[in-house]
Amino acid sequence: MAEVRVEVIPEEVKNWYWKQVQKITIGSFIAWLIVAIILPVLAPSFRGVVIGSLPPLHWYIPAFISIVLGILIIFAYAYVMNRLDEKLRRKITESKLGSVTRSREGL
């Protein structure tokens with residue numbers, strides 16, 4: 001059976017990480033709300049848009065743009081969260097190295 005490794009993360013690092021996750025999530029949610037609410041409101045301004053021989057698409061164009069921007073927001077969220085996880089790994093490593101140094105100094 002595989003051995004389970006449990007890491008103890010300092011409380012200050014946990015609090016820092018949680019605050020960062022909240023900021024990123026709230027920012028992404030607000031961006032998505034703006035895209036989901038503003039574009040449908042602007043739909044009437046797309047009335048004259050005709051693509052080829054298709055009928056006027058003034059409701060479909062904002063919906064399509066909202067979906068594409070929503071997907072881009074998801075990818076941006078994933079990218080930012082991956083960078084945050086890397087920072088978390090570095091902070092955990094630094095805190096471990098600091099605790100080893102402090103324990104050696106106590107000898």
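A brief structural summary. The model shown is predicted, which means the values in this text are computed figures rather than measured ones.

## Quick look at the overall build of the chain
Along the backbone of the chain there are two helices and zero strands. The proportion of buried residues among the 107 residues of the chain is 19%. When contacts within the chain are restricted to residue pairs at least 6 apart in sequence, those whose partners lie at least 24 apart make up 67%. Total accessible area computed for the chain in this model is approximately 8700 Å², and 68% of it derives from carbon and sulfur atoms.

## Focus on the packing of aromatic side chains
Enumeration according to the criterion identifies one aromatic pair in this entry. Positioned over the ring face of Trp-16 is Lys-91, at 4.7 Å from the centre of the ring.

## Observations concerning a positive patch on the surface
A surface patch of like charges, here positive, comprises Arg-83, Lys-87, Arg-90 and Lys-91. What makes Lys-87 partly exposed here is its relative accessible area of 38%.

## Points about the pattern of salt bridges
What the rule picks out here adds up to one salt bridge. Arg-89 serves as the salt-bridge partner of Glu-86, at 2.7 Å between the closest nitrogen and oxygen. Here Arg-89 and Glu-86 lie together in helix α2 (residues 60-105), a separation of three residues that amounts to about one turn. Residue classification places Glu-86 among the partly exposed positions, given a relative accessible area of 40%.

## A closer look at the side chain of Ser-66
Topologically, Ser-66 is positioned in helix α2. Of the polar contacts made by the side chain of Ser-66, one reaches the backbone oxygen of Val-35; its length is 3.5 Å. Excluding residues within four positions of it along the chain, Ser-66 makes contact with Val-35 and Leu-39.

## Regarding helix α1 (residues 11-41)
Between its terminal C-alpha atoms α1 stretches 45 Å, which fits the 45 Å expected from 31 residues at 1.5 Å a residue. For α1, the set of buried residues is Val-13, Val-21, Ile-24, Ser-28, Val-35 and Leu-39.

Cut-offs used in this document
- Residues numbered from 1 in each chain as written.
- Predicted model: local features only at pLDDT ≥ 70, side-chain atom pairs only at ≥ 80, totals over all residues.
- Heavy atoms only, no water.
- Helix = DSSP H or I, 4+ residues; strand = E, 2+ residues; numbered from the N terminus.
- Buried < 20%, exposed > 50% of the residue type's maximum accessible area, 1.4 Å probe, protein only.
- Contact = heavy atoms within 4.5 Å.
- Areas by Shrake-Rupley, 256 points an atom, 1.4 Å probe, with all protein chains shown as cover.
- Phe/Tyr/Trp six-rings, centres within 6.5 Å; stacked < 30°, edge-to-face > 60°.
- Lys NZ or Arg CZ within 6 Å of the ring centre and 35° of its normal.
- Patch = residues over 30% accessible without salt bridge, like charges linked within 9 Å, V, L, I, M, F, W, Y side chains within 5 Å.
- Salt bridge = Lys/Arg side-chain N within 4 Å of Asp/Glu carboxyl O.
- Lys, Arg positive; Asp, Glu negative; His and termini not counted.
- Charge placed at Lys NZ, Arg CZ, Asp CG, Glu CD.
- Polar contact = N/O pair within 3.5 Å; in protein donor to acceptor, adjacent residues only side chain to side chain.
- Expected span 1.5 Å × (residues − 1).

In short, geometric facts, not functional conclusions.
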